[in-house]
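One letter stands for each residue in the lines below.
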Amino acid sequence: MTPAALALPAHVTQHRYATASEAASALAELAARTLTTAIDARGSAHLYVSGGRSPVPFLEALSRQPLAWQHVTVGLVDERCVPADDDASNARLVRTHLLQNAAHAALFEPLYESGLDAETAAQRADTRLAIGPRPDLVVLGMGDDGHTASLFPGAPGTAAGLDPRGTRSVVATHPQTVPHARLSLTLPALRRARTLALAIQGEVKRHRLESAVGAAPETLPIAAMLDADLPLQLFFNP
Ligand SMILES: O=C(O)[C@H](O)[C@@H](O)[C@H](O)[C@H](O)COP(=O)(O)O
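Residues numbered from 1 in each chain as written. Predicted model: local features only at pLDDT ≥ 70, side-chain atom pairs only at ≥ 80, totals over all residues. Heavy atoms only, no water.

With an unreviewed UniProt entry as reference, the protein chain is termed 6-phosphogluconolactonase, source organism Solimonas marina. Heading Pathway (unreviewed entry) of the UniProt record for the protein chain holds this comment: "Carbohydrate degradation; pentose phosphate pathway; D-ribulose 5-phosphate from D-glucose 6-phosphate (oxidative stage): step 2/3." On record in UniProt, under Sequence similarities (unreviewed entry), the comment for the protein chain is "Belongs to the glucosamine/galactosamine-6-phosphate isomerase family. 6-phosphogluconolactonase subfamily." (UniProt positions renumbered as here; feature names shortened; annotations may be inferred.)

Rendered as structure tokens:
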């Protein structure tokens with residue numbers, strides 16, 4: 001049964017599904033359409049994905065989508081400051097679950113350079129992204145605490161990352177609730193996306209997202225992504 005609509009503003013387009021598998025397939029189809037449209041229009045496409053546990057079905061479904069993957073560059077919205085072969089690495093997650101099947105032909109741009117401290121790595125990534133093209137699709141997740149990318153409530157670095165007038169594309173954050181320093185795309189960088197999607201699951205996240213409407217981004221960073229001038233494609237399953 002399709003879940004009830006979430007109490008969100010009208011500019012949030014809601015795609016609600018009974019199961020994680022259905023939601024993942026639908027998001028993968030949106031991604032394939034978006035990337036193909038970008039390639040047809042500009043000859044290339046740039047996709048930025050999130051890490052964590054819940055994106056795996058989406059990444060696996062997207063890897064099987066038949067499109068001109070050789071013209072697609074895949075990036076990360078955030079990363080843990082760990083070696084690329086660490087279980088916690090989002091680069092490892094993407095290499096394992098997305099860069100396979102048809103999508104093996106895509107170009108991958110990691111965010112973190114192993115061995116660097118978080119601040120130096122953030123500056124290096126910022127330099128790269130600052131001159132990069134607009135993302136065609138950014139796919140965000142959200143933690144139970146309302147963090148998105150690696151912009152965690154109250155964490156050192158998050159305020160700089162949420163500054164709508166900030167000039168950085170990438171910041172280092174140091175959340176106390178997770179074991180590793182992080183790199184995160186900033187709000188201005190995320191808002192450059194031509195298409196922005198958010199995929200969440202379960203009632204805890206449903207209520208956290210609904211409570212973010214009108215909330216201060218410092219307390220609930222996901223609130224910054226609910227601005228009226230930022231169309232958002234929400235994918236939800238219980
Ligand atoms: O590196 C990360 O952990 C993600 O980018 C992060 O922002 C994620 O989207 C949320 O933590 C939700 O994670 P789950 O989907 O595993 O709940």
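Asks: I'm lost on the overall build of the protein chain in this one. Help?
Replies: When helices and strands are counted, the protein chain shows seven helices and 10 strands. Computed over its C-alpha atoms, the radius of gyration of the protein chain comes to 16 Å, within 12% of the 18 Å expected for a compact globule of 238 residues. When the backbone C-alpha atoms are referred to their principal axes, the protein chain occupies close to 45 × 40 × 35 Å. Relative to its full complement of 238 residues, the protein chain shows a buried share of 51%. Put simply, of all contacts in the protein chain between residues at least 6 apart along the chain, 73% involve residues at least 24 apart. Total accessible area on the protein chain is roughly 10,200 Å²; 53% of this is exposed by carbon and sulfur atoms. The distance from the centre of the 20 positive side-chain charges to the centre of the 23 negative ones in the protein chain is 3 Å. (Helix = DSSP H or I, 4+ residues; strand = E, 2+ residues; numbered from the N terminus. Rg over C-alpha atoms; globule rule 2.2 N^0.38 Å. Buried < 20%, exposed > 50% of the residue type's maximum accessible area, 1.4 Å probe, protein only. Contact = heavy atoms within 4.5 Å. Areas by Shrake-Rupley, 256 points an atom, 1.4 Å probe, with all protein chains shown as cover. Lys, Arg positive; Asp, Glu negative; His and termini not counted. Charge placed at Lys NZ, Arg CZ, Asp CG, Glu CD.)

Asks: Quick question: what am I supposed to make of the UniProt feature "domain: Glucosamine/galactosamine-6-phosphate isomerase" (unreviewed entry) in the protein chain here?
Replies: On the UniProt side, "domain: Glucosamine/galactosamine-6-phosphate isomerase" (unreviewed entry) is annotated at positions that read residues 19-226 here. Helix makes up 35% of residues 19-226 and strand 16%, and the two end C-alpha atoms of the span are 24 Å apart.

Asks: I tried to follow the packing of helix α1 (residues 20-42) against helix α2 (residues 56-63) on my own but got confused; where do I start?
Replies: Pairs of packed helices are described in terms of their axes, by the angle between the two and the distance that separates them. Contact geometry of α1 with α2 gives a least axis separation of 8 Å together with a crossing angle of 50°. Taken as axis vectors, α1 and α2 run oblique relative to one another. With respect to the hand of their crossing, α1 and α2 are arranged in right-handed fashion. Contact residues: α1 offers Ala24, Ser25, Leu27, Ala28, Ala31 and Ala32, while α2 offers Pro57, Phe58, Ala61 and Leu62. Split by residue class, the contact of α1 with α2 holds nine nonpolar, one polar and no charged. (Axes fitted to C-alpha atoms, helices over the stretch in contact; angles between N-to-C directions. Parallel < 35°, antiparallel > 145°, perpendicular 65-115°, else oblique. Left-handed = near helix turned anticlockwise from the far one by under 90°. Nonpolar A, V, L, I, M, F, W, Y, C, P; charged D, E, K, R; others polar.)

Asks: In this structure, what is going on with the sheet that holds strand β3 (residues 72-76)? I would like to understand it.
Replies: The strand order across the open sheet formed by seven strands is β1-β10-β9-β6-β2-β3-β5, and the pairing between neighbours is parallel. Every other strand in the sheet has two partners, leaving β1 (12-16) and β5 (107-108) as the edge strands with one partner each. Of the pairings in the sheet, the one linking β3 to β5 comprises two bridges and is parallel in character. Bridge pairing in β5 links Val74 to Phe108. With respect to the sheet, helix α7 (residues 202-211) is in contact with β9 (195-201) and β10 (232-237), its orientation differing from that of β9 by roughly 130°. (Pairing = 2+ DSSP bridges.)

Asks: Hey, could you run me through the environment of Ala103 in this one?
Replies: Relative to the assigned elements, Ala103 resides in the loop between α3 (90-97) and β5. The exposure class assigned to Ala103 is buried, which follows from its relative accessible area of 0%. A sequence separation of 36 residues divides Ala103 from Leu67, and the C-alpha atoms of the two residues are 8.2 Å apart. Setting aside anything within four residues of it in sequence, one finds Ala103 in contact with Ser63, Trp69 and Leu98.

Asks: I tried to follow the site of the ligand on my own but got confused; where do I start?
Replies: In the vicinity of the ligand, 16 residues are found, and the nearest of them are Arg53, Ser54, Asp78, Ala149 and Lys205. Between the ligand and His147 there is a distance of 2.7 Å, counted from an oxygen atom to a side-chain nitrogen or oxygen. Lys205 places a polar side-chain atom, nitrogen or oxygen, 2.6 Å from an oxygen atom of the ligand. Expressed as a share of its isolated accessible area of 410 Å², the protein-covered part of the ligand is 92%. Considering only residue class, the shell around the ligand consists of three nonpolar, eight polar and five charged. (Near = heavy atom within 4 Å. Polar contact = N/O pair within 3.5 Å; in protein donor to acceptor, adjacent residues only side chain to side chain.)

Asks: Help me out: how do you make sense of the nonpolar core in this one?
Replies: As a rule of thumb, soluble globular proteins bury nonpolar side chains together. Phe58 and Leu209 are the most contacted members of the largest nonpolar core, which totals 77 residues. Take this core: its biggest share by element is 10 residues, from α1. (Core = buried A, V, L, I, M, F, W, Y, C linked by side-chain atoms within 4.5 Å.)

Asks: When you look at the pattern of salt bridges in this model, what are you seeing that I'm missing?
Replies: Opposite charge on two side chains allows them to pair when their charged atoms are near. Under the defined criterion, the tally for this structure stands at 11 salt bridges. Two residues, Glu113 and Arg128, come together in a salt bridge whose shortest N-O distance is 3.4 Å. Pair noted here: Glu113 is in the loop between β5 and α4 (118-130) and Arg128 is in helix α4, with a separation of 15 residues, a long-range link. Under the relative-accessibility criterion, Arg128 is labelled partly exposed at 35%. Between Asp136 and Arg194 there is a salt bridge, and its shortest N-O distance comes to 3.3 Å. You can see Asp136 sitting in the loop between α4 and β6 (137-140) and its partner Arg194 sitting in the loop between α6 (187-191) and β9, a full 58 residues away along the chain. On the accessibility criterion, Asp136 (3% relative accessible area) is buried. One network of salt bridges, in which partners are shared, links Arg42, Asp136 and Arg194. (Salt bridge = Lys/Arg side-chain N within 4 Å of Asp/Glu carboxyl O.)

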